[in-house]
Amino acid sequence: MRTPLVAGNWKMHGHLSANADLLTALVSCADLQTKALEVLVCPPSIYLAQAHSLLAASAIQLGAQNFHPQNQGAFTGEIAAPMLQEFGVSYALVGHSERRSLFAEDDTFLLAKCQAALSARITPILCVGESLEEYEKGQGLEVVRAQVTSVVRALNPEEVQSLVIAYEPVWAIGTGLTATPEYAQQVHAEIRDQVAHWSEPSIAQQLRILYGGSVKPENAAALFAMPDVDGALVGGASLDAASFIAICQAA
Ligand code: PEP
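Treat the numbers as computed from the prediction; the structure is a model and nothing was measured.

Conventions adopted
- Residues take numbers from 1 onward in each chain, read along the sequence in its written order.
- This being a predicted model, a pLDDT of at least 70 is required before a residue's local features are given, and a value of 80 or more before pairs of side-chain atoms are given or counted; all residues contribute to the totals for chains, interfaces and linings.
- What counts as a helix is a DSSP run of H or I of at least four residues, what counts as a strand is a run of E of at least two, and both are numbered from the N terminus.
- For the radius of gyration, the atom set is restricted to C-alpha positions; the globular benchmark scales as 2.2 Å times the number of residues to the power 0.38.
- Partly exposed residues are those falling between the two cut-offs: more than 12 but fewer than 20 other C-beta atoms within 10 Å of their own, whereas 20 or more means buried and 12 or fewer means exposed, with C-beta atoms placed from the backbone.
- Contact between two residues is assigned when their C-beta atoms, built from the backbone, lie within 7 Å.
- UniProt positions are given in the numbering used here, feature names are shortened, and annotations may be inferred rather than shown by experiment.
- To decide nearness, the C-beta atom of each residue is placed from the backbone, and the residue is near a molecule or strand if that atom lies within 6 Å of it.
- The classification used treats Ala, Val, Leu, Ile, Met, Phe, Trp, Tyr, Cys and Pro as nonpolar, Asp, Glu, Lys and Arg as charged, and all other residues, Gly among them, as polar.
- Paired strands are those between which DSSP finds at least two bridges.
- Throughout this description, the term nonpolar core refers to a group of buried Ala, Val, Leu, Ile, Met, Phe, Trp, Tyr and Cys residues whose C-beta atoms join them within 7 Å.

Asker: Mind laying out the overall build of the chain, listing which residues take part and the relevant values?
Answerer: Summing up its helical and strand segments, the chain has 12 helices and 8 strands in all. For the chain, whose C-alpha radius of gyration is 17 Å, the value lies close to the compact-globule estimate of 18 Å for 251 residues. Taking the principal axes of the C-alpha coordinates as reference, the chain spans close to 45 × 45 × 35 Å. Per-residue burial over the chain gives 43% buried out of 251 residues. Put simply, 71% of the contacts in the chain that link residues at least 6 apart link residues at least 24 apart.

See below:
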C-alpha cells in the first residue's frame, strides 16, 4: 500500500504576504492533515524559513526545489542539503526538466544530488521525462528508462527505498497539455519495472511514482485512478490554494 504524495512546486514564484495567505489556507484545510495522504510544498529557498514556521503545527511537509551536491565549500550562491535539513526540509526535487535544460544538470550531477540528499536524510524526488521531440519520435519510454537507470543502478537497495520518482513529460510542463491517464500509466509501469530490474521487485512495489505536467483539479482524479500513479508533482496549480486543495482531495 503506497501513501499518495501530492507535491507543490512553486518554482520562482511568491512573496512574503502571498506565501502566508497560501500556506494559511492549506494549513486550515483538514483534508490535508490526514495520514492517508502526504502533502508537500516546495517554495523558493529564501522562503523555506517562512514556510517552516507557518507549517510547524501542521502535517504538511516542506520540500526544496534545489541544492548543491557538496556539503559545504566555495560554491557562491549555492545551498547544501544539510542546510536544508536544518529548516525542516524532508524532500527535494532532483532533475526537474528546468534544471536539466536551463542549468545543464546532467545524469552524473543528478546522481550526486540524490546521494547528497539521502545522506542528509532528505528524500529525493527524481524527475524524469521526455521532450516533445522525443515524444513525437516515439522515444518517450527509452528516454525515461535511461534517466531512471542512470540513478537507480548506482544506488543501493536501501537508498532506492528512500526515493520518489516523478514522471514529468517535458511537453506537458506548464503547457496545459497533459499525458492521458493511459499513457501516464504505461510510463509509470515501465519505471516500476526498471526499478525492479536495477534494485529489488519488493522495493519497486513500494516506490511512489508521481505524475507531473499540467495537473489540475479537472484531470487529477482520472490520473490518480491509474494503478501506478501514486500522486502528483504540481506546478502552476499549486500556487492557488483552492486548486491545490482540490488536487489533494482527488488523491
Ligand atoms: C512542474 O513544475 O513540475 C510542473 C509539473 O508544472 P505544471 O504543473 O505547471 O505543468
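Asker: How would you sum up the UniProt feature "binding site: substrate" (unreviewed entry) in the chain? Please name residues and give values.
Answerer: What UniProt calls "binding site: substrate" (unreviewed entry) maps, in this numbering, to Asn9, Trp10, Lys11, Gly174, Ser214, Gly235 and Gly236. These annotated residues cover 228 residues of sequence, but their C-alpha atoms sit close together, with the largest distance between any two at 13.7 Å. Along the chain, Ser214 falls in the loop between strand S7 (208–212) and helix H11 (217–224). Residue contacts for Ser214: discarding those within four places in its chain leaves Ala172, Thr175, Gly176, Leu177 and Thr178. Checked against the element boundaries, Gly236 lands in the loop between strand S8 (231–234) and helix H12 (241–250).

Asker: Any details on the site of the ligand? Residues and values, ideally.
Answerer: Taken together, 15 residues surround the ligand, and among them Gly174, Gly212, Ser214, Gly235 and Gly236 come closest. Considering only residue class, the shell around the ligand consists of 5 nonpolar, 8 polar and 2 charged.

Asker: Provide a residue-level description of the pairing of strand S4 (residues 89–94), including the pertinent values.
Answerer: For S4, the tally of buried residues reaches 5 of 6 residues, placing the bulk of the element in the interior. Relative to S4, strand S3 (residues 61–64) runs parallel, the two sharing 3 bridges. The residue of S4 that forms the bridge with Gly63 is Tyr91.

Asker: If you had to explain the nonpolar core to someone new, which residues and values would you point to?
Answerer: Residues Ala7, Ala92, Ile125, Ile165, Tyr167, Ala232 and Ile247 are the most contacted members of the largest nonpolar core, which totals 74 residues. When neighbours within four sequence positions are excluded, Ile247 is seen to be in contact with Val6, Val215, Pro217, Ala220, Ala232, Val234 and Ala237.

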